[in-house]
Amino acid sequence: MDITTIEAAKMGAAMALGFGAIGSALGTGTAGMAGIGAWKKCYLQGKAAPFILLVFIGAPLSQTIYGMLLMNFILNAAEPSVAQLGAGIIGGIAMGFSAWYQGKAGAAGSDALAETGQGFGNYLTVLGIVETVALFVMIFIQKAL
């Protein structure tokens, strides 16, 4: 059975969302485990557990939204093409890695903030820089479609 151009484009669209979501799951899971560990440290030391760590934990979720947007760009392209399969795969993987590493950075930020109580703005800036990779991928690939 041969795959048609339309089916290839739809597969690319699904992969954009899927890979972005996989990265979001890896990133939120990583940051979530670190956040729980940071809260545990605070409880053991009798310190207030910073609720703001949820920002670090939830940050990688946005790449799932970017994957959905790229999926929509692919599905709404004027002409279906096999290039949309490649765009979905490469774009989704790039956004997924951005989410995963954003979660790793969020994990480090959670540990540092719980220990010192300082630096939230700096840690959040790092997450924003890592997220910028996903934004650039989504925008630049969309321009190529």
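Before reading further, recall that the structure is shown in the block above.
This report concerns the structure included in the present document. The structure presented is a predicted model; accordingly, all values stated were derived computationally and were not measured.

Okay, the overall build of the protein chain next. Of regular secondary structure, the protein chain possesses five helices and zero strands. Across the protein chain, helices and strands are ordered from the amino to the carboxyl terminus as α-α-α-α-α. Seen through its C-alpha atoms, the protein chain measures out along the principal axes to roughly 65 × 30 × 15 Å. Considering the protein chain as a whole, with its 145 residues, one finds that 38% of them fall into the buried category. A fraction of 83% describes how many contacts in the protein chain between residues 6 or more apart in sequence connect residues 24 or more apart. For the protein chain, the exposed area adds up to about 7,700 Å²; of that, 72% sits on carbon and sulfur atoms. Side chains of the protein chain carry 6 positive and 6 negative charges; the gap between the two charge centres is 14 Å.

Attention now moves to the packing of helix 3 (residues 62–75) against helix 5 (residues 120–144). One way to put it is that helix 3 packs onto helix 5 with a least axis distance of 10 Å and a crossing angle of 5°. Of the possible angle classes, the one that applies to helix 3 and helix 5 is roughly parallel. Contacts between helix 3 and helix 5 involve Ser62, Gln63, Tyr66, Leu69, Leu70 and Phe73 on the former and, on the latter, Glu131, Ala134, Leu135, Met138, Ile141 and Gln142.

What follows deals with the pattern of salt bridges. Under the counting rule described, the total for this entry stands at two salt bridges. A salt bridge links Lys41 to Asp111; its shortest N-O distance comes to 2.3 Å. Residue Lys41 is found in helix 1 (residues 5–44), and its partner Asp111 is found in helix 4 (residues 83–116); the two are separated by 70 residues along the sequence. Within this structure, Lys41, Asp111 and Glu115 form a network of salt bridges that share partners.

Locating Gly86 in the fold gives a position in helix 4. Residues Gly86 and Val126, 40 residues apart in the sequence, show an inter-C-alpha distance of 29 Å.

Reading guide: rules and limits
- Residues numbered from 1 in each chain as written.
- Predicted model: local features only at pLDDT ≥ 70, side-chain atom pairs only at ≥ 80, totals over all residues.
- Heavy atoms only, no water.
- Helix = DSSP H or I, 4+ residues; strand = E, 2+ residues; numbered from the N terminus.
- Buried < 20%, exposed > 50% of the residue type's maximum accessible area, 1.4 Å probe, protein only.
- Contact = heavy atoms within 4.5 Å.
- Areas by Shrake-Rupley, 256 points an atom, 1.4 Å probe, with all protein chains shown as cover.
- Lys, Arg positive; Asp, Glu negative; His and termini not counted.
- Charge placed at Lys NZ, Arg CZ, Asp CG, Glu CD.
- Axes fitted to C-alpha atoms, helices over the stretch in contact; angles between N-to-C directions.
- Parallel < 35°, antiparallel > 145°, perpendicular 65-115°, else oblique.
- Salt bridge = Lys/Arg side-chain N within 4 Å of Asp/Glu carboxyl O.

Bear in mind that shape data such as this cannot, by itself, settle questions of function.
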